[in-house]
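Listed below are the residues making up each chain.
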Amino acid sequence: MLQQGYLIDEIFMNDVYELIESNEHFLIIYKKPNTSFHSDDGGQGLFETVKQTERLSELYPVHRLDKVTSGLLVMAKTAAANQELVDQFKNRQIEKYYLALSAKKPKKKQGLIKGDMASARRGAWKLLPSFDNPAITQFFSASAGEGVRLFIVKPHTGKTHQIRVALKSIGAPILGDALYADASACETIDRVYLHAYSIGFSLLGQDYRFTEMPREGEYFKSPEFQLALQAFLSPWSLTWPRI
């Protein structure tokens, strides 16, 4: 039986995360944007904050999100749960779906983006035409108002900056992403519009799925975005492009 994600009765809220689900095997949090998973300025990072706040002697970082990205993160409470989940990520058995907005029209409205990735300047990455160990990303898109396009993205690999690089490669860098878009055009944008929207996995014979709307960002709160999102409320039901 599929267990749907839900907000627990008393959500712990602070500056960096919200607790979505907590059981004996794992916890799910909503990571707020501009929050570092590990410390990057000498202060306490997200992982240690969660471990300390939830008073856990054991906690394992199953996966990570970029500092600029908001949304769902899984952390394991036991070594056994961690190993099973990490193996599922490695074997591409975890379903992950992201939302992104762009102010540019993409070269194609849906499809597959595939290629090796290599480091570029200023900490950025770039997509290559080779396929030795490629990043694989599927996507659909729809208009989200004048000059804004919504993307629902399904990454099959977990490369650094994968979605940000993929969308830039089709001419639609993520709104507010100064590393991959025109930095001057990002100065008045209130966040990088990338959100870890939904995640599905199995653990110890139980199926789980959690889905959370983005909370932060004026464009994510707009009526145009809400209308466009109606087509992507159940991304696992979409007929995704072939890999």
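In this text, all values refer to a predicted model and were calculated from it rather than measured experimentally.

**Things to note about the pairing of strand S2 (residues 17-22)**
Part 1: With five of six residues buried, S2 lies mostly within the body of the structure.
Part 2: Where S2 and strand S3 (residues 26-31) come together, five bridges link them in antiparallel fashion. Bridge pairing in S3 places Glu21 opposite Ile28.
Part 3: In textbook terms, the turn of a hairpin is the stretch between consecutive antiparallel strands, and for S2 and S3 this stretch comprises three residues.

**So, helix H1 (residues 46-53)**
Part 1: Taken together, the buried positions of H1 are occupied by Leu46, Phe47, Thr49 and Val50. Across the axial projection of H1, the buried residues extend over an arc of 165 degrees, all falling on one side.
Part 2: In the segment just after H1, Arg55 is the residue with positive phi, at about 55 degrees.

**Section: the side chain of Arg209**
Part 1: With respect to the element layout, Arg209 can be found in strand S13 (residues 206-211).
Part 2: Separated by 3.4 Å, the side chains of Arg209 and Glu95 make a polar contact.

**Some details on the pattern of salt bridges**
Part 1: Scanning the model with the defined rule gives six salt bridges in all.
Part 2: Among the ionic pairs, Glu216 bridges to Arg191, the shortest N-O distance being 4.0 Å. Within this pair, whereas Glu216 is found in the loop between S13 and helix H4 (223-229), its partner Arg191 is found in the loop between helix H3 (162-169) and strand S12 (194-203), the two being separated by 25 residues in sequence.
Part 3: Since its relative accessible area comes to 5%, Arg191 is described here as buried.
Part 4: Residues joined in a network through salt bridges with shared partners are Glu18, Glu212 and Arg215.

**Let's talk about the confidence of the model for the protein chain**
Part 1: Per-residue confidence for the protein chain gives a mean pLDDT of 92, with 93% of residues at or over 70.
Part 2: Within the model, the stretch residues 1-13 combines pLDDT values under 50 with 31 contacts to residues more than four positions away or in other chains.

**Things to note about the environment of Ala79**
Part 1: Residue position: Ala79 is located in helix H2 (residues 79-90).
Part 2: On the basis of relative accessible area, Ala79 is assigned to the partly exposed category, the value being 42%.
Part 3: Through-space distance from the C-alpha of Ala79 to that of Tyr60 is 7.4 Å; in sequence the pair is 19 residues apart.
Part 4: Not counting residues within four places of it along the chain, the set of residues in contact with Ala79 comprises Glu58 and Tyr60.

**Observations regarding the packing of aromatic side chains**
Part 1: Taken as a whole and assessed by the stated rule, the structure comprises 13 aromatic pairs.
Part 2: Considering the side-chain rings of Phe26 and Phe201, the 5.3 Å spacing of their centres and the 80 degrees angle between planes classify their relative orientation as edge-to-face. Here Phe26 is found in strand S3, whereas its partner Phe201 is found in strand S12, with 175 residues between them in sequence. This pair shows no difference in class: Phe26 is buried, exactly as Phe201 is.
Part 3: With a centroid separation of 5.8 Å and an interplanar angle of 25 degrees, the aromatic rings of Phe37 and Phe47 are classed as stacked. Within this pair, whereas Phe37 is found in the loop between S3 and H1, its partner Phe47 is found in helix H1, the two being separated by ten residues in sequence.
Part 4: Taking relative accessible area as the criterion, Phe47 reaches 6% and is therefore assigned buried.
Part 5: Aromatic rings pair up to connect Phe26, Phe201, Tyr208 and Phe210 into one cluster.
Part 6: Positioned over the ring face of Tyr30 is Arg215, at 4.1 Å from the centre of the ring.

**Comments concerning the nonpolar core**
Part 1: Formed by 48 residues in total, the largest nonpolar core has its most connected members in Ile29, Leu101 and Leu150.
Part 2: The dominant element in this core, judged by the number of residues it contributes, is strand S6 (residues 95-102), at five residues.
Part 3: Counting 17 residues, the second largest nonpolar core, distinct from the first, contains Phe26, Tyr30, Val62 and Phe210.

**Remarks on the pairing of S3**
Part 1: Among the six residues that make up S3, six are buried, leaving the element largely enclosed by the rest of the structure.
Part 2: Covered by surrounding structure in S3 are Phe26, Ile28 and Tyr30 together with Leu27, Ile29 and Lys31, the residues of both alternating faces.
Part 3: Sheet topology note: the S3/strand S5 (residues 70-76) ladder contains six bridges and is antiparallel. Bridge assignment links Lys31 to a residue of S5, and that residue is Gly71.

Criteria and thresholds
- Residues numbered from 1 in each chain as written.
- Predicted model: local features only at pLDDT ≥ 70, side-chain atom pairs only at ≥ 80, totals over all residues.
- Heavy atoms only, no water.
- Buried < 20%, exposed > 50% of the residue type's maximum accessible area, 1.4 Å probe, protein only.
- Helix = DSSP H or I, 4+ residues; strand = E, 2+ residues; numbered from the N terminus.
- Pairing = 2+ DSSP bridges.
- Arc of directions from axis to C-beta.
- Polar contact = N/O pair within 3.5 Å; in protein donor to acceptor, adjacent residues only side chain to side chain.
- Salt bridge = Lys/Arg side-chain N within 4 Å of Asp/Glu carboxyl O.
- pLDDT = per-residue confidence, 0-100.
- Contact = heavy atoms within 4.5 Å.
- Phe/Tyr/Trp six-rings, centres within 6.5 Å; stacked < 30°, edge-to-face > 60°.
- Lys NZ or Arg CZ within 6 Å of the ring centre and 35° of its normal.
- Core = buried A, V, L, I, M, F, W, Y, C linked by side-chain atoms within 4.5 Å.

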